[in-house]
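Structural overview
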Amino acid sequence: MSSSLDKLLANPRVWRGRDQARQKAGLATGYPDLDRHLPGGGWPPASLTEILTAHYGIGELRLLMPALARLSTASPQHDFTEPGWIAWVAPPFQPYPPALQQCGIDLSRMLIVRPKNASEILWSAEQALSSGTCAAVLLWPETLDDQASRRLQLAAEKGRSWAIAFRPLAARQQNSAAALRLELHPEGTSHSSGQGTRVHILKSRGGRPTVLSSLI
Amino acid sequence: MRRACKPPVMGREAAPTSLAVQQDLPLVGARLAGDNRKSHQQPRLDSSLAAAAALRPQGEFPRLWFCVWLPHLPLDVGARLTRDNGQRPLPSPARRAPTAVVEEQHGIHRILLADADARAAGVMPGQTASAALALLPALELEERSLLREQQALEGLATWLEQFSSFVSIADHNVLLLEIAGSLCLFDGLQALRQKISRGLRELGFTAMPAIAPTPLAATWLARSGRRACIRDETNLVPALRKLSIACLNWPAALCEALTGMGVTTVGDCLRLPREGFTRRFGAEYLLALDRALGHLPDPRNSWRSPERFCADFEMTEEQVDREVLLNICNELLQSHEQFLLARQTGTQRLCFSFFHLKGPATELRLGCAQAERSASHWFELLGIRFEHLVLPEPVIAVRLRSGMAQALQAESGALSFHGKPGEQQRRFSITQLAERLIARIGDQSVQATSMVAEHRPHYAWRSQSLLSDWSSNTLDEPAQYLERPLWMLPEPALLPADSGCPIHQGCRLRFIDGPERLETGWWDEDGISRDYYTAAGQDGRRLWVFRNRNRTSSWYLHGYFG
């Protein structure tokens, strides 16, 4: 094979379809519709997922609950020590334990961290991700630039942990190293329309952007 | 009376001259002299040794005493103080200016001790300070500090506790430790001896060690500076015989009198008749000889180090360099680890105080989820906090205090057949993660939650600090109630209403579910009576709102269903 072709293939910007076969099995989301559209059939493990919403409370937690419940109770495959912890870094409100328990989360494996400023949020999340003890780290960063998202992605890979960053819709314009970026929109803005949330897959490493209606 | 080497007894030393002892001694000596040495009219001082060894009660543990004599303690204490940059002691003393320690005697400053450089220039102990300065103008004079010496001695006693369970401060510059019980653990006498000597050297002390079966003999041998090591009691008398009486630290008048009689060594002393020796010089010195030879028990006070660690690092000048301060903290942590190692404990809290010349000290507190003693672990936590510590003034001294000592808890590690070896160690536990987070962002900011069996929404859970004795008491069965919101507001927020219908973000809410009535709490005077509804807002959020039943009919928002 010619050296110029080798050089081209070595370029990190070249994405090869073959890689998709090697995609690790995802973490089932609990929503079969969503699983079908995600490479690996679920949430990408050991990487950063971004969820963009206009407000908090439109269903972003319910979307994650089935997967988090499984993570907090089942012993993870990669480790034989203990089931993983779930860290909440800078949540906007108090995650309400009775509701979490109704969703099947093991409360004894929850860690809530409330850092004082933006840099501490990123630092805490990075520590939690790279420690290898947390199965999932949910974070609500004040800002998350390209470099910070790359750091989180690397920390998630190092600690084999799942990072979920919640961000405002305005962040759509920014670059991000996240493996998966979703946008959530409430379905129908008038009182008459039914309840539901539309999930818009903005970016999916190894997959393709889609819009899914009435998911939750 | 005649048992050799009684086991060391904690408590006060036996009274040196009791009447019974005084009356008894010649009798014992006489009987033994009758047995062994019929040619002598008077019993001699060393007459009973062979019999004493034979008379040891069966099964009694033979003792072995390690004596550390610190002849240059006043000088060593000063030298330790000058290396205030937190580094290890300088490898060669030549780097220091010639130094001497002076002490005030009758209003005149006289040289007490001089280091090698000063001695080479002719500075001798006993000279006046001005004479010494005339000989060597570059000489640095230090005032003797008994307090610092005592602190150093106590520090050393605590440090020595890692080698033996019985350490005793025998004199202002003599430490004794019983090592017969430690030989096995430390791989034999030679290894232990080297370990202690090396440690003392690294700590910056000039020490003369000696080993003997009795504490007093060990002390005398150490003072002779011969680094003697006598394990066997039969070798004790020959070794002691050669000692000059100057090593015994007896009063100068007594030594002079003995020398005047032609008695210059312990051997000469032992040839004297017991009765005459007592009459001339007092029973005290006879008893001392008997104790040294092992004829009499010699109980010693055991040193008990304080329960909590507290150590200072004083500097000769103010310091602003944070790197240097970190080094000092590290050194304090190292000695803290040694302290805890000797007691086989750990601690959960540490407090560093940085003293300034003006103003109150700056404090830095560290916490750990489990009792911990490893200096590197504490140093890592310190590093996280120290970065953000604001020091308003230069620092003149650093103090480290530790919290309550706690027994260390052993952890069972996982036997890993999977993955590479060593991989298991790299992963931290959740407590380590929590410690790191707490060290940087504070104790109250890292929390765990648990459930409480309670129907009122705001009492149904609680958050706990991970550092306290944290127990997860999750209710076994989830309570059977209606769906609860995943997001809870810290306090219910008042919603405006339009003809009885709540308004959120400028739009009337539509009720989806409810009401669910949650009522009473008379037992703690925080009773509620609320009707909760699930409502849909225009922006797609589902809200958990309530109305008080009894009082006003205002609407409140309590959570989002997320």
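My aim in this report is to walk through the structure given alongside it, one point at a time.

Basis of the calculations
Residues numbered from 1 in each chain as written. Chains lettered and ligands numbered in written order. Predicted model: local features only at pLDDT ≥ 70, side-chain atom pairs only at ≥ 80, totals over all residues. Helix = DSSP H or I, 4+ residues; strand = E, 2+ residues; numbered from the N terminus. Contact = placed C-beta atoms within 7 Å. Expected span 1.5 Å × (residues − 1). Bend = angle between axes of the 7 residues up to and from the residue. Buried ≥ 20, exposed ≤ 12 C-beta atoms within 10 Å, placed from the backbone. Pairing = 2+ DSSP bridges. Axes fitted to C-alpha atoms, helices over the stretch in contact; angles between N-to-C directions. Parallel < 35°, antiparallel > 145°, perpendicular 65-115°, else oblique. Left-handed = near helix turned anticlockwise from the far one by under 90°. Nonpolar A, V, L, I, M, F, W, Y, C, P; charged D, E, K, R; others polar.

As a further point, take the environment of Phe205(B). Residues and elements named next belong to chain B. Looking at the secondary structure, you find Phe205 in the loop between helix 7 (189-202) and strand 7 (208-212). Between the C-alpha atoms of Phe205 and Ala79, which are 126 residues apart in sequence, the distance is 9.2 Å. Apart from residues lying up to four places away in sequence, Phe205 is in contact with Leu70, Asp76 and Leu200.

Moving on to helix 3 (residues 60-73) of chain A. Given 3.6 residues per turn, any residue in an α-helix points the same way as the ones three and four places further on. Residue and element names in this part refer to chain A. Here helix 3 contains 14 residues, and its C-alpha end-to-end distance of 21 Å stays within 8% of the 20 Å for a straight helix at 1.5 Å per residue. Roughly 40° is the biggest bend found in helix 3, and it falls at Pro66. Buried residues of helix 3: Glu60, Leu61, Leu63, Leu64, Met65, Ala67, Leu68, Leu71 and Ser72, and no others.

Residues and elements named next belong to chain B. The pairing of strand 8 (residues 310-319) with strand 11 (residues 395-402) spans six bridges and is antiparallel. Looking at the pairing, Gln319 lines up with Val395 of strand 11. Relative to strand 11, strand 9 (residues 345-355) is paired through six bridges, and the arrangement is antiparallel. Within strand 11, the position partnered with Cys351 by the bridge is Arg401.

Looking now at the packing of helix 5 (residues 118-131) of chain A against helix 17 (residues 430-441) of chain B. The N-to-C vectors of helix 5 of chain A and helix 17 of chain B enclose an angle of 165°; their axes lie 10 Å apart at closest approach. On the basis of their axis angle, the class for helix 5 of chain A and helix 17 of chain B is roughly antiparallel. Two packed elements cross with a definite hand, and for helix 5 of chain A against helix 17 of chain B that hand is right-handed. In contact with Glu120(A), Trp123(A), Ser124(A), Gln127(A), Ala128(A) and Ser131(A) of helix 5 of chain A, helix 17 of chain B contributes Leu433(B), Arg436(B), Leu437(B), Arg440(B) and Ile441(B). Its residues assigned to classes, the contact of helix 5 of chain A with helix 17 of chain B comprises five nonpolar, three polar and three charged.

Turning to the interface of chain A and chain B, a few remarks are in order. Facing 42 residues of chain A, the contacting portion of chain B comprises 43 residues. Among the secondary structure elements, those contributing two or more residues to the side of chain A that touches chain B are helix 3, strand 3 (94-95), helix 4 (97-102), strand 4 (110-113) and helix 5 of chain A. For the side of chain A that touches chain B, the per-class residue count stands at 21 nonpolar, 16 polar and five charged. Pairing geometry for strand 4 of chain A and strand 13 (residues 446-451) of chain B, over two bridges, is antiparallel. Within strand 13 of chain B, the position partnered with Ile112(A) by the bridge is Gln447(B).

Right, let's get into the sheet that holds strand 18 (residues 507-508) of chain B. Where strands meet in a sheet, backbone hydrogen bonds hold them as pairs that are either parallel or antiparallel. Residue and element names in this part refer to chain B. One open sheet holds the three strands; their spatial order is 16-17-18, and the pairing between them is antiparallel. Edge positions in the sheet fall to strand 16 (497-498) and strand 18, since each has one partner strand and no second. Sheet analysis places strand 17 (residues 501-504) next to strand 18, joined by two bridges and oriented antiparallel. Looking across to strand 18, one finds that His504 is bridged to Cys507.

The next thing to look at is unusual backbone geometry. Within the chain, Arg160(A) stands out as a residue other than glycine whose phi angle is a positive 50°. Tracing the backbone through its elements, the reader meets Arg160(A) in the loop between helix 6 (146-159) and strand 6 (162-168). Overall, Arg160(A) belongs to the buried group, with 20 C-beta atoms counted inside 10 Å. Phi is positive for Asn249(B), close to 60°, though the residue is something other than glycine. Structurally, the position occupied by Asn249(B) is in the loop between helix 9 (236-241) and helix 10 (252-260).

Where strand 3 of chain A lies against strand 15 (residues 487-495) of chain B, two bridges are found, and the strand directions are antiparallel. Paired with Pro95(A) across the two strands is Trp487(B), which belongs to strand 15 of chain B. Taken together, the five bridges between strand 15 of chain B and strand 22 (residues 555-560) of chain B define a ladder with antiparallel strand orientation. What sits directly across from Trp487(B), in strand 22 of chain B, is Tyr560(B).

Residue and element names in this part refer to chain B. Between its first and last C-alpha, helix 14 (residues 322-343) extends 31 Å over 22 residues, near the 32 Å set by a 1.5 Å rise per residue. Buried residues belonging to helix 14 abut helix 6 (146-160), strand 8, strand 9, helix 15 (375-386) and strand 11. Residue Gln344 follows helix 14 closely and has a positive phi angle near 55°.

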